[in-house]
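So the chains spell out like this:
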Amino acid sequence: MALLCLVGTVAMAQGQRMPYQEKVVYEGEDVTFRQIDAHTWEGNGKMMANETLYIVEGEERALLIDAGTNIKDLDKIVAGITSKPITLVATHVHPDHTGASVNYFKEIYINAADMVNVKEMMGDYKGEIKYLTDGEVIDLGGRQIEVIFTPGHTPGSTTFIDREAHYGFSGDAFGSGNLLLTTNFTTLALTCQRMSEYMQKYGIEKLYPGHYMGVNVETVKRVQDMGMMLVAREAMESVLEQVEWAPERWGKGSTDMGDLSCVMPVVHPYAAGAAGKPHGSNYQIVDPMAACVGSAKLPLG
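Reading the values: rules and limits
- Residues numbered from 1 in each chain as written.
- Predicted model: local features only at pLDDT ≥ 70, side-chain atom pairs only at ≥ 80, totals over all residues.
- Heavy atoms only, no water.
- Phe/Tyr/Trp six-rings, centres within 6.5 Å; stacked < 30°, edge-to-face > 60°.
- Helix = DSSP H or I, 4+ residues; strand = E, 2+ residues; numbered from the N terminus.
- Buried < 20%, exposed > 50% of the residue type's maximum accessible area, 1.4 Å probe, protein only.
- Pairing = 2+ DSSP bridges.
- pLDDT = per-residue confidence, 0-100.
- Contact = heavy atoms within 4.5 Å.
- Salt bridge = Lys/Arg side-chain N within 4 Å of Asp/Glu carboxyl O.

A few words now on the packing of aromatic side chains. On inspection of all chains with the given rule, the structure shows eight aromatic pairs. Measuring from ring centre to ring centre gives 4.9 Å for Tyr-54 and Phe-169, while their planes differ by 50°; the resulting arrangement is tilted. In this pair, Tyr-54 is assigned in strand β5 (residues 52–57) and Phe-169 in strand β13 (residues 167–171), connecting sequence segments 115 residues apart. Taking relative accessible area as the criterion, Tyr-54 reaches 2% and is therefore assigned buried. Here Tyr-208 and Tyr-212 contribute two aromatic rings whose centre-to-centre distance is 5.4 Å and whose plane-to-plane angle is 80°, an arrangement assigned as edge-to-face.

Following this line, the structure appears as structure tokens:
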């Protein structure tokens, strides 16, 4: 069963004008492609919240990362942007990323852990399914893309990193604004920890998400914050299992922090383990255990 966890706010309405800085290089009925840099493009489908696919070009060949929902003649559109031979890879198996358009390609590479989704979500695919390996490097000729498994959104969610360019492509692994979690909190928390450490080690500045709106790239800070919220949520759940509730002691007031806590894990601005001005731009959590675990236990006695 899928669990919807709200971790940010991004306008997802179809047809809404988004503040893209990238130049449009192709405008079609089903997709709009924009150029990120000299050899990289992002395409936005028009069926499911700007589902996004990416063309990553090297000197000898190119990757198509995801295929959107249903983009007519996607293979021809991609060939009009790059003349290099195309290899299709998937960030994960969901119908807005591996939809009907995958049938324009004879093979697709996925994380084998997402085979559990293939029958239901990619069952009509007529080509050959091949498997990615965690840590493998895809050589495009003068450009190398590293494969990093980032489970959580799905068991086989995968991120593709270009170390030299200092960016990557993460699909829905870190949310695109709203995170649909189909595994568990622990898995995604560990993924966030692993990716934030990797990004800091190799100077990765941003991850382009699976629903790119022009302003919602995933940064190290966002990945770290998401991991912290997941740890807090899990800590709360473990504590609540031991609580004997006493509703007669509850007050009747309501606060914005209290309301927000009904839909996502929160840390009050005045909690222990924090530094900086409450609600200020320099506010940050410096001791996650004190701020998250301690704060969760305190009101429960």
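A few words on the pairing of β13. Across the five residues that make up β13, a large majority, five, are buried. By the alternation rule, side chains of β13 split into Tyr-167, Phe-169 and Gly-171 and Gly-168 and Ser-170, which are all buried. Taken together, the three bridges between strand β12 (residues 158–162) and β13 define a ladder with antiparallel strand orientation. Its bridge partner lying in β13, Phe-160 is registered against Phe-169. Between β12 and the antiparallel strand that follows it, β13, lie four residues; His-166 among them carries a positive phi value of about 65°.

Bringing the confidence of the model for the chain into the picture now. Counting all residues, the mean pLDDT for the chain is 85, and 75% of those residues have values of 70 or more. Here residues 1–15 scores under 50 on pLDDT; set against residues more than four positions off or in separate chains, the count is 42 contacts.

Counted according to the given criterion, the structure contains eight salt bridges. Residues Lys-46 and Glu-27 are paired through a salt bridge, measuring 2.8 Å at the closest nitrogen-oxygen approach. A residue pair is termed long-range when its members are at least 10 positions apart, and Lys-46 in the loop between β4 (40–45) and β5 and Glu-27 in strand β2 (residues 23–27) qualify at 19 residues. Judged by relative accessible area, which is 37%, Lys-46 ranks as partly exposed. In this structure, the salt-bridge partner of Asp-225 is Lys-221, at a minimum N-O distance of 2.8 Å. Note that Asp-225 and Lys-221 are positioned in helix α4 (residues 220–240) at a spacing of four residues, about one turn of the helix. Accessibility expressed as a relative area gives 29% for Asp-225, which makes it partly exposed. Under the relative-accessibility criterion, Lys-221 is labelled partly exposed at 47%.

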